[in-house]
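Descriptive structure summary
Here's the letter readout for the chains.
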Amino acid sequence: DERRILQYQITLYGDDERLVMARDITRLHQLEQMRRDFVANVSHELRTPLTVLAGYLETYEDMAEQLPPRLSKGIQRMQEQTLRMQNLVNDLLLLSRLEIDQGGDDHAELEVAPLLMSIAEDARALSRRRHTLQVEIESKKRLLGSEQELRSAISNLAFNAVRYTPEGSTIVLRWRIEASGEGCIEVTDDGEGIDPIHIPRLTERFYRVDKGRSAATGGTGLGLAIAKHVLLRHQAQLTITSSPGKGASFYCRFPAGRLR
Ligand code: ADP
């Protein structure tokens, strides 16, 4: 039970000299494991009380007409905040599950077109037809992956495009094979874009560009962290590019070995 985790750094000097440094990161690894377990357990435990709370609030909402306006307004606010908390807890739980297990058990050959079309349909519902959503399928290749996980990753990108772009923007979901042989699912919008200084940090947990505005969108700050982890489990890479004022693009690149 004395398994240690070592991190090696090898520096090459010329042809025949090497400096090898080993660092024992066992403790660091254990702490990280504890953090993940803690987040997973707390999120899980918070789900039940929140469900109960939401249930009661729904009953009161049904009685709204019999209640004084101030009270029914308060109940509405409580419902909104309960929903926000439920989203947060669900995202935290999903993220810690993604971090804890290695994945790969439920990977199947997926048709990309129906997946992107149904995500676009959900995004249209969220947008209430205030945005134009297009799906462009440039390849018939299938993708080896978990439908549930990829749906949540790509949905996060598409829903962000709806939430962070002004009315009338166009959002494109595209599937194509690149010259390198990699498969690419792209989510592009022509909204306000993102200042490049924020891009490297966007996939960090709870990182948001504009805290005030983001709070109003009902996001949790975990969407892109979830997307990144899902993609990592598929050996895929998330690349974000943006020119401010012209929109943002999110590229999910899958290695050729994952295409069928
Ligand atoms: P959330 O949307 O819950 O705040 P995310 O991790 O999904 O968290 O996104 C992080 C931040 O990235 C958002 O708060 C927003 O500021 C920015 N962002 C994401 N997608 C876009 C987009 N398509 N256009 C502009 N900004 C975006």
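Everything numeric here is computed off the predicted structure, so don't read it as measured data. (Residues numbered from 1 in each chain as written. Predicted model: local features only at pLDDT ≥ 70, side-chain atom pairs only at ≥ 80, totals over all residues. Heavy atoms only, no water.)

1. Quick look at the site of the ligand
Close contacts around the ligand come from 19 residues, with Asn160, Tyr164, Arg208, Thr220 and Gly221 the closest. Arg208 has a polar side-chain atom sitting 2.7 Å from an oxygen atom of the ligand. Burial of the ligand by the protein chains amounts to 97% of its free accessible area of 540 Å². Sorting the residues of the shell around the ligand by element identifies helix H4 (147–163) and helix H6 (223–233) as the ones contributing at least two each. Examining the composition of the shell around the ligand, we find that three residues originate from one element, H4, more than from any other. Here the residues of the shell around the ligand sort into nine nonpolar, seven polar and three charged. (Near = heavy atom within 4 Å. Polar contact = N/O pair within 3.5 Å; in protein donor to acceptor, adjacent residues only side chain to side chain. Areas by Shrake-Rupley, 256 points an atom, 1.4 Å probe, with all protein chains shown as cover. Helix = DSSP H or I, 4+ residues; strand = E, 2+ residues; numbered from the N terminus. Nonpolar A, V, L, I, M, F, W, Y, C, P; charged D, E, K, R; others polar.)

2. Considering the confidence of the model for the protein
Averaged over every residue, the pLDDT of the protein is 93; residues scoring 70 or more account for 97%. As a predicted assembly, this complex carries a pTM of 0.87 together with an ipTM value of 0.99. (pLDDT = per-residue confidence, 0-100.)

3. Observations regarding the nonpolar core
Nonpolar side chains in soluble globular proteins generally cluster together in the buried interior. Core analysis: the biggest nonpolar cluster contains 43 residues, and Leu143, Leu150, Leu157, Ile185, Phe250, Cys252 and Phe254 have the highest contact counts within it. The set of elements that each furnish at least two residues to this core consists of helix H2 (69–100), helix H3 (112–127), H4, strand E6 (170–177), strand E7 (183–189), H6, strand E8 (237–243) and strand E9 (247–254). Here the element with the most residues in this core is H4; it accounts for seven residues. Beyond its immediate stretch of four places on either side in the chain, Cys252 contacts Ile154, Leu157, Gly183, Cys184, Ile185, Leu231, Gln237 and Leu238. (Core = buried A, V, L, I, M, F, W, Y, C linked by side-chain atoms within 4.5 Å. Buried < 20%, exposed > 50% of the residue type's maximum accessible area, 1.4 Å probe, protein only. Contact = heavy atoms within 4.5 Å.)

4. Notes on H2
Relative to the 46 Å expected for 32 residues at 1.5 Å per residue, H2 spans 46 Å between its end C-alpha atoms, a close match to the ideal helical length. Those residues of H2 not exposed but buried are Ile75, Thr82, Val89, Asp91, Leu92, Leu93, Leu95, Ser96, Leu98 and Glu99. Tucked into the core, H2 has its buried residues touching helix H1 (26–62), H4 and H6. (Expected span 1.5 Å × (residues − 1).)

5. Let's talk about the state of the cysteines
The full count for this structure, using the stated rule, is zero disulfides. Cys252 takes part in no disulfide bond, and the closest cysteine sulfur, belonging to Cys184, lies 6.9 Å away. (Disulfide = S-S within 2.5 Å.)

6. Remarks on the pattern of salt bridges
According to the stated counting rule, one finds 19 salt bridges in the structure shown. Between Glu32 and Arg35 there is a salt bridge whose closest N-O contact spans 2.9 Å. In this pair, Glu32 and Arg35 are both assigned in helix H1, three residues apart and thus about one turn of the helix distant. Judged by its relative accessible area of 31%, Glu32 is partly exposed. Given a relative accessible area of 28%, Arg35 falls into the partly exposed group. Among the salt bridges present, the one from Glu111 reaches Arg142, with a minimum N-O distance of 3.7 Å. (Salt bridge = Lys/Arg side-chain N within 4 Å of Asp/Glu carboxyl O.)

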